[in-house]
Structures are given as C-alpha cells and as structure tokens.
Amino acid sequence: MTNQERRDAQMAYISDDAIWEEQKVCRKKLQKLNFMDRADLEGIREVIKDLFGKSDGAFVNPPFYCDYGKHIEVGKNFFCNYNCTILDVAKVIIGDNCQIAPNVAIYTAGHPIHPVTRNSAYEYGKEVLIGDNVWIGGNSVICPGVRIGDHVVIGAGSVVTKDIPDWSVAAGNPCRVLRRITDEDKRKLFGEEEIDGEAWEDIVGRMEY
C-alpha cells in the first residue's frame, strides 16, 4: 500500500513526497483565502467551496487552516468563525446547521505515544464526525476519533476526548455531558434570560414542525 492509501484507511503512515504534494495544493488555496479582502464575502464562499471536499453554501471567516481541505465535508448553513484549525488527515464530516466559534481546533492527526515509535515518522489520522445542529464554543479542541451527536452544544474552552451523545450540553477538560437539552430551552437566550416577545414571535412564525 502507498502511504496515501494507508493514511486514507486510518492506518499508520509516513508523510512522504506524494503526501506533501497534496498538502501543497491545499496551502495555495489557503494562501488565497487568508489574504483575501475580508469584505469579499462571495469570493470567500467560492474559495471555501473549492477547498472543501463537500459544502453547501458554507462560510468561513479567515484566517483558516487545514492540511488538505478535500477531507472536510460540511452540510447546509455551515458557519466557522475566525482562526479555526482543522487537521484533516482523516475525514472531518460535519452535518447541517453547524456553527464553530473562534479559535476552535479539530484534530484528526495523531502520533504514537512511545518515543521510539513516534520517532520512526509514522503517524495516523482518525476521523471526526459531528452531527446536525451543533454549536462548538470558542477555544475548544476536538480530538481524533471523536463523534459528536446531533443537537449538541460544546461549551467554550472544552477539550473533547470522547463521544458526546445527541441533545447534550457538554463542557470541560476533559469535556463531559452537563445536562440534556429539552423543549424548556427553546426560549432561552443567555442563562435564564428569555428571548424578547418580538423576536420570539418571529421565531415561532418560522418554526418547522
């Protein structure tokens, strides 16, 4: 097997010349994205569409960093804020209506624990899967192999090392489930503060049942 095939099978692999050539393609696209006019919103969307392996109207606030881009798949209405890093050695698949706050890092890349093995230059990638309607708070880190379910909120500053189930508020280092999201949360804005009547009327009018 080539190292590219080993990488894509989530096996131990070495970053050889062929892999670096793939990363060079990505780096050229990132160079364009990260030095674009920040007001060129349509231009940014077009670069993201070209960069990602799959997207549907995605928007990313530069700067943004990744290894390949083509291993990132995002659903509808994806929004990613400033200074996000996605090390997409393996697939990163993100569902519909997901929001990523500033300074979030998603890592699929890893290295062996023992120094003898690590110094051999072998490394690995383990895919990260994120469901629909997920909000990841600022300065959070998502580690290799993690699966985050649908309708999840990850609190700011979290380090997610294990899977998070659907309909959860989770936070901390290591990240753990704090509580379940219920219908009682629908009108909440910040803490126990409720959304004002005018905005709530608009939301109710646009709800899908």
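Structure's up top.
Presented here is a report on the structure given in the accompanying data block. Quantities reported herein were computed from a predicted structural model and do not represent experimental measurements. (Residues numbered from 1 in each chain as written. Predicted model: local features only at pLDDT ≥ 70, side-chain atom pairs only at ≥ 80, totals over all residues. Heavy atoms only, no water.)

Relative orientation of the contacting elements helix α2 (residues 17-34) and helix α3 (residues 41-51) amounts to 170°, with a least axis distance of 10 Å. With respect to each other, α2 and α3 are oriented roughly antiparallel. For the pair α2 and α3, contact is made by Cys26, Lys29, Leu30, Lys32 and Leu33 and by Ile44, Val47, Ile48, Asp50 and Leu51, respectively. Of the residues assigned to the contact of α2 with α3, the class counts are 7 nonpolar, no polar and 3 charged. (Axes fitted to C-alpha atoms, helices over the stretch in contact; angles between N-to-C directions. Helix = DSSP H or I, 4+ residues; strand = E, 2+ residues; numbered from the N terminus. Parallel < 35°, antiparallel > 145°, perpendicular 65-115°, else oblique. Contact = heavy atoms within 4.5 Å. Nonpolar A, V, L, I, M, F, W, Y, C, P; charged D, E, K, R; others polar.)

Attention now moves to the layout of surface pockets. Approximately 1,200 Å³ is the volume found for the largest pocket. Around the largest pocket, the lining comprises 27 residues; the ones closest to its centre are Val153, Ile181, Asp185, Lys186 and Lys188. Contributions of two or more residues to the lining of the largest pocket are made by β20 (176-180), β21 (188-190) and α5 (197-205). In terms of residue count, the dominant contributor to the lining of the largest pocket is β21 (3 residues). Its residues assigned to classes, the lining of the largest pocket shows 14 nonpolar, 7 polar and 6 charged. (1 Å grid on protein atoms, 1.4 Å probe; cavity = no way out; pocket = protein on both sides within 12 Å on 5 of 7 lines; lining within 4 Å. Points joined across faces, edges and corners; volume = space filled by probe spheres on them.)

Hydrogen bonds between backbone atoms are what pair the strands of a sheet, whose relative direction is either parallel or antiparallel. Across the sheet, which stays open at both edges, the 5 strands sit in the order β4-β7-β10-β15-β18 with parallel pairing between neighbours. At either margin of the open sheet sits one strand with a lone partner, and together these are β4 (64-66) and β18 (159-160). Here 3 bridges tie β4 to strand β7 (residues 84-87), and the two strands are oriented parallel to one another. Paired with Cys66 across the two strands is Ile86, which belongs to β7. (Pairing = 2+ DSSP bridges.)

Next up on the list: the packing of aromatic side chains. By the definition in use, this model includes 3 aromatic pairs. Measuring from centroid to centroid gives 6.3 Å for Phe59 and Phe79, while their planes differ by 5°, and the two rings are stacked. Of this pair, Phe59 sits in strand β3 (residues 59-60) while Phe79 sits in strand β6 (residues 79-80), and the two are 20 residues apart along the sequence. The class of Phe79 is partly exposed, set by a relative accessible area of 28%. Every member of this aromatic cluster is reached through a ring pair, and the members are Phe52, Phe64 and Phe78. In this structure, Arg7 packs its charged tip against the face of Tyr68, placed 4.7 Å from the ring centre. (Phe/Tyr/Trp six-rings, centres within 6.5 Å; stacked < 30°, edge-to-face > 60°. Buried < 20%, exposed > 50% of the residue type's maximum accessible area, 1.4 Å probe, protein only. Lys NZ or Arg CZ within 6 Å of the ring centre and 35° of its normal.)

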